[in-house]
Amino acid sequence: MVPLAVKKQTVAILAVITVFSLAILMLSNPSYAQTSIPSWIKHNAKMWSEGQITDSEFIQGIQYLIENKIMVINQSSMQDKGDFKVEYIPVNDSNYIQYEKMIKDSGLFEQYADGLNKIFVLPTDVTITWKECGEVNAFYDRNSKHLIMCYDLVKYFDDTFYYDGESDQELVNKTLGATTFTFIHELGHGLIDVYNLPATGKEEDAVDQLSTIVLLYAGPNGKQAIEAAASWFYISGSKANLEEMPFWDEHSFDTQRFYEIACLTYGKDPQENSFMVDQQILPESRAVKCPAEYEKINRAWTTLLEPYVKEDYR
Ligand SMILES: [Zn+2]
């Protein structure tokens, strides 16, 4: 195994851009804020008070104010009582020492936690725990509000990407990229839990989509993280044996997860990503639907999270 040489600078940029991308995500919906109430609304109010217009006509005026953000309804009365915190449980197995060092030295997760605390109102603490799990995994525990990240998973990424024959630095970038994708996926589970967000469809798909759209806003480093996650699902999916596929599992199959990431990436910018169709990475029959799919998912996550974003980042 090639020892991992972490370049702090690259990593720091990834962290900062990713965290800021969350804020940008929140701002991606157009806002038509005005400061004054239009005179026709004032006129309507007078007419309504005098019984000259109906309740429903008056309500239409109020709806106009809300939709155009002239009247802002504070949808969340949630108080900021918690923070994202990071903890590291020391490893026992010497095989994981280099991964423990890699994650700690990167300082990535302190920066993620710090950025998230600046952006989100949290009703309770959520602890990001790094540890050796004895299995390749990452998960969010609703009872303890712990987001568990396993060094076993980082080793798995390192092993998976190593066989691509990449340079040390590329290997580190891919490994941290896929780790970041996974972290935002688990963060999605955490946000759904602490805000009790409604969702239809599979939550696993929804949080993959969150991770993809956040990273799509995160510049070249975000793109690299998406590519790493996509190649992880592609490699893993191509190893899958059809007869042993867990059809009961809550996750979509890895190859499907690959295509979902590809679709959203293409959907955000079909022109820049036209090569994906040309090179048959994404079949055209799916690609034509991706811009609308991207818009819908971006709007859904933005709408769901906006009430919990601190005033400065709205
Ligand atoms: Zn999950």
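The preceding data block contains the structure.
A brief structural summary. (Residues numbered from 1 in each chain as written. Predicted model: local features only at pLDDT ≥ 70, side-chain atom pairs only at ≥ 80, totals over all residues.)

## Observations concerning the overall build of the chain
Then, number 1: If you tally the helices and strands in the chain, you get 13 helices and 4 strands.
Then, number 2: Within the span of the chain, comprising 314 residues, buried residues form 32% of the whole.
Then, number 3: Looking at the chain alone, contacts between residues at least 24 apart form 67% of all its contacts between residues at least 6 apart. (Helix = DSSP H or I, 4+ residues; strand = E, 2+ residues; numbered from the N terminus. Buried ≥ 20, exposed ≤ 12 C-beta atoms within 10 Å, placed from the backbone. Contact = placed C-beta atoms within 7 Å.)

## So, helix H4 (residues 97-106)
Then, number 1: The complete set of buried residues in H4 reads Tyr99, Met102, Ile103 and Ser106. Seen end-on, H4 carries its buried residues on one side only, within an arc spanning 90°.
Then, number 2: Immediately beyond the C-terminal end of H4, within one or two residues, lies Gly107, with a positive phi of roughly 65°. (Arc of directions from axis to C-beta.)

## So, the environment of Leu116
Then, number 1: Examined against the element boundaries, Leu116 turns out to sit in helix H5 (residues 108-119).
Then, number 2: A count of 19 C-beta atoms within 10 Å places Leu116 in the partly exposed class.
Then, number 3: Residues Leu116 and Phe84, 32 residues apart in the sequence, show an inter-C-alpha distance of 7.1 Å.

## So, the packing of helix H8 (residues 203-216) against helix H10 (residues 254-268)
Then, number 1: Between H8 and H10, whose axes approach to 10 Å, the crossing angle comes to 40°. Accordingly, the angle class assigned to the pair H8 and H10 is oblique. Along this stretch, H8 crosses H10, giving a crossing that reads as right-handed. Contact residues: H8 offers Asp205, Asp208, Gln209, Thr212, Ile213 and Leu216, while H10 offers Arg257, Glu260, Ile261, Leu264, Thr265 and Lys268.
Then, number 2: Along the lines of polarity and charge, the residues of the contact of H8 with H10 split into 4 nonpolar, 3 polar and 5 charged. (Axes fitted to C-alpha atoms, helices over the stretch in contact; angles between N-to-C directions. Parallel < 35°, antiparallel > 145°, perpendicular 65-115°, else oblique. Left-handed = near helix turned anticlockwise from the far one by under 90°. Nonpolar A, V, L, I, M, F, W, Y, C, P; charged D, E, K, R; others polar.)

## Topic: the sheet that holds strand E1 (residues 84-88)
What holds strands together in a sheet is hydrogen bonding between their backbones, with the strands either parallel or antiparallel.
Then, number 1: An order of E1-E2-E4-E3 is seen for the 4 strands of this open sheet, with the pairing classed as mixed. Strands at the two margins of the open sheet, each flanked by one partner only, are E1 and strand E3 (138-141). Between one strand axis and the next, the sheet turns through 20° on average, direction left out of account.
Then, number 2: In terms of strand pairing, E1 meets strand E2 (residues 126-131) through 5 bridges, oriented parallel. For Lys85, the partnering residue across the bridge sits in E2 and is Thr127.
Then, number 3: The sheet contacts of helix H7 (residues 168-194) involve E2, E3 and strand E4 (146-150), and relative to E3 the element is tilted by about 15°. (Pairing = 2+ DSSP bridges.)

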